[in-house]
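# Report on the structure
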Amino acid sequence: MAGNDLGSLLGSLLGGGGQGGASGGAGNILGALLGALGNGQSGTGGGGNALEGLIGMLTKSGLVDQAQSWVGTGENQAVSGAQIAEALPDETLQKVARETGVSTEHAADEIARSLPTAVDRLTPSGEVPEGRSIEDLVREQQL
C-alpha cells in the first residue's frame, strides 16, 4: 500500500523511525496521516498536496504559531497530542490509528512528537512547496 511506502520514506527522513513502538513507528503513523489527507479526505481541497492541507488544517484549528514555526527556519514549537487530536477530524485520526494498529491517543501523541521535525525537514526553504507530492519532497531531502 502507498501509505506503507510513504511511512518508510518518512521514517528514514526522521532518522530511521527508531522512536520505540511498532515497526516503522512515527514514519508509518505520519505516512498514514498524510495518505488519508492526500486521498481528498478531511476537506483538504483538491489543489494542493497533503502537507499543504495539513498545515491549513492546523492553522484553522488555532495552531498557527506552531505550524509556522515548523515551516519557518527558526526553532520548532512543540504541540501536544491533545492539540493534534482536536485539530484533526475524528475520522482521520481513527483511520490512522486503525491502519497503524495503535490507539487514537497513541497516534495523536506520535504525530505531535514527529510532525514538527518532519514538516521542518520537508520545508527547508521556509515555505511549503506547492504542486509536488509528499513522496517527491521526502526524496529530495534525502539526496
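Above: the structure in question.
Residues numbered from 1 in each chain as written. Predicted model: local features only at pLDDT ≥ 70, side-chain atom pairs only at ≥ 80, totals over all residues. Heavy atoms only, no water.

### Overview of helix α4 (residues 64-71)
Within α4, the full set of buried residues consists of Gln66, Ala67, Ser69, Trp70 and Val71. Residues of α4 that are buried sit in contact with α3 (50-60), α5 (81-87) and α7 (104-122). (Buried < 20%, exposed > 50% of the residue type's maximum accessible area, 1.4 Å probe, protein only. Helix = DSSP H or I, 4+ residues; strand = E, 2+ residues; numbered from the N terminus. Contact = heavy atoms within 4.5 Å.)

### What about empty space enclosed by the protein?
Scanning the model with the defined rule gives one cavity of 30 Å³ or more in all. For the largest cavity, the calculated volume is near 30 Å³. Around the largest cavity, the lining residues are Leu10, Leu30, Leu34, Leu51, Leu115, Ala118, Val119 and Leu122. Listing elements by their share of the lining of the largest cavity, those giving two or more residues are α2 (25-38) and α7. Ranked by residue count, the leading element in the lining of the largest cavity is α7, at four residues. Taken together, the residues that form the lining of the largest cavity break down as eight nonpolar, no polar and no charged. (1 Å grid on protein atoms, 1.4 Å probe; cavity = no way out; pocket = protein on both sides within 12 Å on 5 of 7 lines; lining within 4 Å. Points joined across faces, edges and corners; volume = space filled by probe spheres on them. Nonpolar A, V, L, I, M, F, W, Y, C, P; charged D, E, K, R; others polar.)

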